[in-house]
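As a plain string of letters, each chain reads:
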Amino acid sequence: MSSENQESEAPLESGEEKQQDSQEKDANPVKSEEAKLKSKYPNLGQKPGGSDFLMKRLQKGQKYFDSGDYNMAKAKMKSKQLPVAGPEKGLVTGDHIPTPQDLPQRKSSLVTSKLAG
Amino acid sequence: MAGVGGGNDFQWCFSQVKGAIDEDVAEADIISTVEFNYTGDLLATGDKGGRVVIFQREQESKNRPLSRGEYNVYSTFQSHEPEFDYLKSLEIEEKINKIRWLPQQNAAHFLLSTNDKTIKLWKISERDKRAEGYNLKDEDGRLRDPFRITSLRVPVLMPMDLMVEASPRRIFANAHTYHINSISVNSDHETYLSADDLRINLWHLEITDRSFNIVDIKPANMEELTEVITAAECHPHQCNVFVYSSSKGTIRLCDMRAGALCDRHSKFFEEPEDPSSRSFFSEIISSISDVKFSHSGRYMMTRDYLSVKVWDLNMENRPVETYQVHEYLRSKLCSLYENDCIFDKFECCWNGSDSAIMTGSYNNFFRMFDRNTRRDITLEASRENSKPRAILKPRKVCTGGKRKKDEISVDSLDFNKKILHTAWHPKENVIAVAATNNLYIFQDKIN
């Protein structure tokens, strides 16, 4: 965006052009952000902010660990590699078998709060 | 710009800061809720570790008239502990989502605290006397043989060091399938509501084994789910009225006299959207993270990602006032989506006279808006401005072009330093601001 001094010195035409440009930018910062996002993640849901978010939100905290499934999977896949937890936080898909290492330790904070210190 | 929250000469000063100065913040120490009680003498905080700390304001002393009452620790207790629901394979966090005080009715103080699943009523009481002079036990503490006791000695109440005890009086459990986001005490002082993503329940404070479901927006087919409940609050004076906000940026006002189930709203508040500005982000940033009635009961305020809106309860089609909190973030939505910040839930609050409102932002900034003068101010909660009674300097974010001295550019903002929770004393210009693991208390300048 040009500074005020520049605009007053420049001839009227280019001043108007500059104004138009910055107006377009102002009007569509969100659109350009959207384009940026779509170019990074082309497969992002068709429905903007739809069910995917809500489902993820509703399922917060779900952690599955079934020792039976885990041991069977280990036995079955002795030769193949066990599917490992993805980088997504807590996202559990059908194929993924959580391992004890994946599940975060459930800490208990029975220590006095530092605010009271 | 001075003048927000009070008269023209008004300025905010640092008063106190609580919490550790560690660079490495333990998750459990992150403050998750802040709430003054009805008189403002008590200030409660809840954290991710399930702990509640209550501060009490010291009586103003004649020796130091210039220092307004300071808040010191009154009581601290473990409200909730981590749990595991084995049936659903669900980890239940101990994080305190909300604390709400009950109006005081006797010497004890009562508050409701909730995590994702369970609400608890805590009684905080003082003990400053102890009965002494029993002749029922030996020197070594063993009970004496009753036949050996020949005289009747009535114990005498003796003063002792003040002990503040917190005990859970009621546990309201098993009524929420989804995560509780709000609790609100009704003006009848007998009931309260609790809201999760899809349902709202009405409880009686005395009854723990039953609650009434008053709102249920769960669709028959979950694939059709389009919106969730984000916040709910009881009207401050009309005990039959409550509101709830949604992830789509709408607010519904319901009247419990209309029916047992309030699925049909009495009023529906929504600001029409400009179709040309619709984008992938529109719905996400319109999601309301907090709704608060004014003390007068005539207005309500909603917070969405970029703005705070004040609504007149008599006008449903648009807010009467809109305040931009951090409009400069509009050009950063892509990265804010990628780092999940776009989903941050900021709260908002009114001052005691409803003339000013406050909400938090990033970089430990918080914003205040004066509804009368239309002036706004950005302040920062930081250890650097923490000399006693130091006046807080207004901050400014520069949005492009030349950055003036003392301004900070949008790209330099620290998005990990978020102020999500703030509270305003019900009567005075004293505010509490939670900055991650630290609690700041600011007050107006004396003189």
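What comes next is a walk through the structure.

The rules behind these values
- Residues numbered from 1 in each chain as written.
- Chains lettered and ligands numbered in written order.
- Predicted model: local features only at pLDDT ≥ 70, side-chain atom pairs only at ≥ 80, totals over all residues.
- Heavy atoms only, no water.
- Helix = DSSP H or I, 4+ residues; strand = E, 2+ residues; numbered from the N terminus.
- Buried < 20%, exposed > 50% of the residue type's maximum accessible area, 1.4 Å probe, protein only.
- Contact = heavy atoms within 4.5 Å.
- Areas by Shrake-Rupley, 256 points an atom, 1.4 Å probe, with all protein chains shown as cover.
- Rg over C-alpha atoms; globule rule 2.2 N^0.38 Å.
- Lys, Arg positive; Asp, Glu negative; His and termini not counted.
- Charge placed at Lys NZ, Arg CZ, Asp CG, Glu CD.
- Polar contact = N/O pair within 3.5 Å; in protein donor to acceptor, adjacent residues only side chain to side chain.
- Phe/Tyr/Trp six-rings, centres within 6.5 Å; stacked < 30°, edge-to-face > 60°.
- Buried area = accessible area lost by both parts, 1.4 Å probe.
- Salt bridge = Lys/Arg side-chain N within 4 Å of Asp/Glu carboxyl O.
- Nonpolar A, V, L, I, M, F, W, Y, C, P; charged D, E, K, R; others polar.
- Pairing = 2+ DSSP bridges.
- Axes fitted to C-alpha atoms, helices over the stretch in contact; angles between N-to-C directions.
- 1 Å grid on protein atoms, 1.4 Å probe; cavity = no way out; pocket = protein on both sides within 12 Å on 5 of 7 lines; lining within 4 Å.
- Points joined across faces, edges and corners; volume = space filled by probe spheres on them.

1. Some words on the overall build of chain A
- For chain A, the count of helices and strands is 5 helices and 0 strands.
- Shown N-terminal to C-terminal, the secondary structure of chain A runs as helices and strands in the order α-α-α-α-α.
- Counting only residues that meet the buried cut, chain A has 19% of its 117 residues in that class.
- Across chain A, every contact between residues at least 6 apart in sequence was considered, and the portion connecting residues at least 24 apart equals 47%.
- Carbon and sulfur atoms make up 51% of the accessible area of chain A, which amounts to about 9,100 Å² in all.

2. Considering the overall build of chain B
- When its secondary structure is counted, chain B shows 2 helices and 32 strands.
- Taking 22 Å as the expected radius of gyration for a compact globule of 447 residues, we find that chain B reaches 24 Å, a close match to that expectation.
- Taken over the C-alpha atoms alone, chain B extends approximately 90 × 60 × 40 Å along its principal axes.
- Out of the 447 residues belonging to chain B, those deemed buried represent 53%.
- For chain B, the share of sequence-separated contacts (at least 6 apart) that also reach a separation of at least 24 residues comes to 55%.
- By element, 47% of the accessible surface of chain B is carried by carbon and sulfur atoms, the whole surface being about 21,100 Å².
- A distance of 4 Å separates the average location of the 59 positive side-chain charges in chain B from that of its 67 negative side-chain charges.

3. Considerations on unusual backbone geometry
All names here are of chain B.
- The phi dihedral of D340 is positive, around 70 degrees, even though this residue is not glycine.
- Along the chain, D340 falls in the loop between α2 (333–338) and β24 (348–350).
- A positive phi angle, near 60 degrees, is found at R389, a position not held by glycine.
- The residue R389 is located in the loop between β27 (376–380) and β28 (396–398) in this model.

4. Focus on the side chain of S289 of chain B
Residue and element names in this part refer to chain B.
- Within the secondary structure layout, S289 lies in the loop between α1 (282–286) and β20 (290–293).
- Accessibility expressed as a relative area gives 15% for S289, which makes it buried.
- At a separation of 2.7 Å, a polar atom in the side chain of S289 contacts the main-chain carbonyl oxygen of F346.
- Ignoring anything within four residues of it in the chain, the contact list for S289 reads T230, A231, R303, K345 and F346.

5. Quick word on the packing of aromatic side chains
Residues and elements named next belong to chain B.
- Applying the stated criterion across every chain yields a total of 19 aromatic pairs over all chains.
- Centre to centre, the rings of F14 and F442 are 6.3 Å apart; their planes meet at 70 degrees, and the pair counts as edge-to-face. In this pair, F14 sits in strand β1 (residues 12–18) while F442 sits in strand β32 (residues 438–444), placing the two residues 428 residues apart along the sequence.
- Take F14: its relative accessible area is 5%, and that puts it in the buried class.
- Both rings, one in Y440 and one in F442, keep their centres 5.8 Å apart while their planes meet at 10 degrees; by these two values the pair is stacked.
- Members of the aromatic cluster, joined through ring pairs, are F14, F366, Y440 and F442.

6. Overview of the interface of chain A and chain B
- Each partner contributes to the interface: chain A provides 37 residues, whereas chain B provides 60 residues.
- Note on chain A versus chain B: buried area summed over both sides is about 4,300 Å², and carbon and sulfur give 57% of it.
- Summed over the shared surface of chain A and chain B, the result is 2 salt bridges.
- Residue D29 of chain B pairs with K114 of chain A through a salt bridge whose shortest N-O separation is 3.5 Å.
- Run the count over chain A and chain B and you get 7 residue pairs in polar contact (both at pLDDT 80 or more).
- Broken down by secondary-structure element, the contributors of at least two residues to the side of chain A that touches chain B are α3 (29–40) and α4 (51–58) of chain A.
- Sort the elements by how many residues they give to the side of chain A that touches chain B and α3 of chain A lands first, with 8 residues.
- When the residues that make up the side of chain A that touches chain B are grouped by side-chain class, the tally is 16 nonpolar, 9 polar and 12 charged.

7. Some words on the sheet that holds strand β12 (residues 182–185) of chain B
All names here are of chain B.
- Read across the open sheet, the 4 strands follow the order β12-β13-β14-β15; overall the sheet is antiparallel. For this open sheet the edge positions go to β12 and β15 (207–216), each flanked by a neighbour on one side alone. Here the average twist between neighbouring strands, direction ignored, is 25 degrees.
- Inspection of the sheet shows strand β14 (residues 199–204) paired to β15 by 5 bridges, in the antiparallel sense.

8. Digging into empty space enclosed by the protein
- Inspection of the entire model under this criterion finds 2 cavities of 30 Å³ or more.
- Along its surface, the largest cavity is lined by K98, R100, S182, I183, S184, A231, A232, E233, D290, V291 and K292 of chain B.
- Here the lining of the largest cavity is built from residues that sort into 4 nonpolar, 2 polar and 5 charged.
- By volume, the second largest cavity amounts to about 40 Å³.
- For the second largest cavity, the full set of lining residues is S113, K114 and L115 of chain A together with A20, D29 and N437 of chain B.
- Grouping the amino acids of the lining of the second largest cavity by side-chain chemistry returns 2 nonpolar, 2 polar and 2 charged.

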